[in-house]
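Remarks on the overall topology
Residue-level listing of the chains:
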Number of protein chains: 2
Amino acid sequence: MTESKENSTSQRILKTAAELFASKGYDALSMRDIASACDIKAPSLYNHFKDKQALYQATLKFVFKQQSQALVCCLESDLPPKQKLNEFIEIAGKQMADNFIFRQLFFRILLAQDEEDLKFLANQVLADSCNALHAVFVEINPDCDPHFLTTSLMGLLLFHFQANPLRIYLPAGSEQTQASEYLIEHIQLMLHKQLGD
Amino acid sequence: MTESKENSTSQRILKTAAELFASKGYDALSMRDIASACDIKAPSLYNHFKDKQALYQATLKFVFKQQSQALVCCLESDLPPKQKLNEFIEIAGKQMADNFIFRQLFFRILLAQDEEDLKFLANQVLADSCNALHAVFVEINPDCDPHFLTTSLMGLLLFHFQANPLRIYLPAGSEQTQASEYLIEHIQLMLHKQLGD
DNA sequence: ATTTAACTAACTAACGCTTGTTAGTTTAAC
DNA sequence: GTTAAACTAACAAGCGTTAGTTAGTTAAAT
C-alpha cells in the first residue's frame, strides 16, 4: 500500500513486474505469476499495491521515469544543432536497442489505447524530449514540420528495433540481428537528408 | 471444425473475431465475448474452429490475406519506378489509415513475438511486397540499402497512424487526427529524398 | 530493563467469478 | 436417416481479491 521508493521489496516487485508485463502483457499475466517470480505469495503483493491495475501503473512510472531523463539532458547541451540531433538519435537508439522492457511497454500503451496511459506517456515521458527536439529541428531548418519529423523519428527508432525478430524471416534478411550501430547511423543520415542536409 | 471459406457463419465469426482480437487482444478476449458478438453461444464456436488458438490463427489469415494482394499488384505495373513507389506508399498509407484491424493485429504480432506468427507475417503477408519494393528501390538508386528502406517505410506507415491517438496529447499536437493525405505526402517526400531525389 | 502496544509484511484458506472446453441433446436441411 | 450446427449444462482450472493469522520489528509505558 505504501509504494514508497525506499522500500526494497516494492522495488523488487516493480522490477520483476516490469519484465513480465513487458513480455506477456497485462491480461496474460496473473498476480500469482508476478508473486511467484518474486518468491512470495500473491496476497503479499497487496501489502504494497492496492490492486493489479495500481501495480501496472506503478510499473509504467517505474520504467518510464528513469528513461526520459537521459534524453532531455543531451538536448540541453550547447552543441551545434546538427550534432545535438546526432547525439540524441544515438542515445535514444541505444536505449531502444538495449531496453526491451521500455520498447515493449511503449508499444503496449499504443495498442491498448487507454486514454489515461496515453496521456501519461505524452505528458510525463515524451513532452520534454518532444519540445527540445522541435527546437532543434527548426533550428536546423526553419521550414520543416517539426511535429511530423518527431513522430517519424520515434517511429523509426521504435520500429527498427521492434521489427528485428520479424526482419530475420523477411527476404534478404540475414539470420542475425542487424547491428544497432548500423541502424542508428542510417537513421541519423535519414533525418539529416530530410532536413536538407 | 470445417473452417471452409464459403460457410457464411464461419465468415461472420472471423469478421467479428477480427474486430475483437484487434481491439482487445488475445488474452483479454473470451470465447464467450466472441460468441455473444456473433449472437450465438460459446460452444457453437467449436463447430467451426478447433479451439481458441485455431480461431485466432484463422482470423489472422482472414485479415492479412486479402490485404497483401492490393499492394503487390500496384508494384507489378510498368510505371516508372519513382511513380510506382509513390503509388505504393499511397495505397499502403490508405490501408493503414483505414484498416484499424490490420494495423492493430500487425502490432500485436510484433509484440507477442510468437515465432509461428512472425514467420506467417513475413512469408505469407510481407514477402512479396518486400521483394517488389526492393526491386523498385535499387532501380531508383542502386547504391541504397533496400532492406533498411523497406523496414523504414513499414515503420513510418504503421507508426504515424498508430500514434495518432497519442499525438493529440503531445505538445503542438492539434486536437484532431492528422489528415492521412498529409502524412502520406510527407512520407513519399521522405523516401524520395532518402533515395537521392 | 521489561513489558506492552502497534505496525509491517509475510503467510494460508477461501470466496465468487470467469475461463476454455466437453458431453449430450435438439432442431432443421438434404 | 444422416449430418451440420445450434443449444443447455457442467467441469476443472485459474482468476483477482479478501479475511484472518502469524512472526518480526519498533516505540512507548511501566
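Read on for a plain summary of the structure. Worth saying up front: this structure is predicted, and the values here are computed from it rather than measured.

1. Digging into the interface of chain B and chain A
Each partner contributes residues to the interface: chain B has 50 residues there, and chain A has 50 residues. Regarding the contact of chain B and chain A, the summed buried area is about 4900 Å², with carbon and sulfur atoms giving 73% of it. On the chain B side of the contact with chain A, Leu111(B), Phe159(B) and Tyr169(B) bury the most area, a combined 16% of that side's loss. Counting across the chain B and chain A interface gives 0 salt bridges. Inspection of the region where chain B meets chain A yields 12 residue pairs in polar contact (both at pLDDT 80 or more). Sorting the residues of the side of chain B that touches chain A by element identifies helix H6 (100-112), helix H7 (115-140), helix H8 (146-162), helix H9 (164-167) and helix H10 (180-194) of chain B as the ones contributing at least two each. A breakdown of the residues in the side of chain B that touches chain A according to their chemical character gives 28 nonpolar, 15 polar and 7 charged.

2. Considerations on the state of the cysteines
Residues and elements named next belong to chain B. Taken as a whole, this structure holds 0 disulfides over all chains when the rule is applied. Of all cysteine sulfurs in the structure, the one in Cys74 sits closest to Cys130, which takes part in no disulfide; the separation is 13 Å. On the basis of relative accessibility, which here comes to 4%, the residue Cys130 falls in the buried class.

3. Quick look at the protein's contact with DNA strand D
Inspection of the region around DNA strand D gives 17 residues, with Tyr46(A), Asn7(B), Lys41(B), Ser44(B) and His48(B) positioned closest. Taken together, the sugar and phosphate atoms account for 56% of what DNA strand D places within 4 Å of the protein. For DNA strand D, a phosphate oxygen lies 3.2 Å from a polar atom in the side chain of Ser30(A). Side-chain polar atom of His48(B) to a phosphate oxygen of DNA strand D: 2.4 Å apart, as the coordinates give it. Put simply, the parts of the chain that give the surface near DNA strand D at least two residues each are helix H2 (31-37) of chain A together with helix H3 (42-45) of chain B. Split by residue class, the surface near DNA strand D holds 6 nonpolar, 6 polar and 5 charged.

Reading guide: rules and limits
- Residues numbered from 1 in each chain as written.
- Chains lettered and ligands numbered in written order.
- Predicted model: local features only at pLDDT ≥ 70, side-chain atom pairs only at ≥ 80, totals over all residues.
- Heavy atoms only, no water.
- Contact = heavy atoms within 4.5 Å.
- Buried area = accessible area lost by both parts, 1.4 Å probe.
- Salt bridge = Lys/Arg side-chain N within 4 Å of Asp/Glu carboxyl O.
- Polar contact = N/O pair within 3.5 Å; in protein donor to acceptor, adjacent residues only side chain to side chain.
- Helix = DSSP H or I, 4+ residues; strand = E, 2+ residues; numbered from the N terminus.
- Nonpolar A, V, L, I, M, F, W, Y, C, P; charged D, E, K, R; others polar.
- Disulfide = S-S within 2.5 Å.
- Buried < 20%, exposed > 50% of the residue type's maximum accessible area, 1.4 Å probe, protein only.
- Near = heavy atom within 4 Å.

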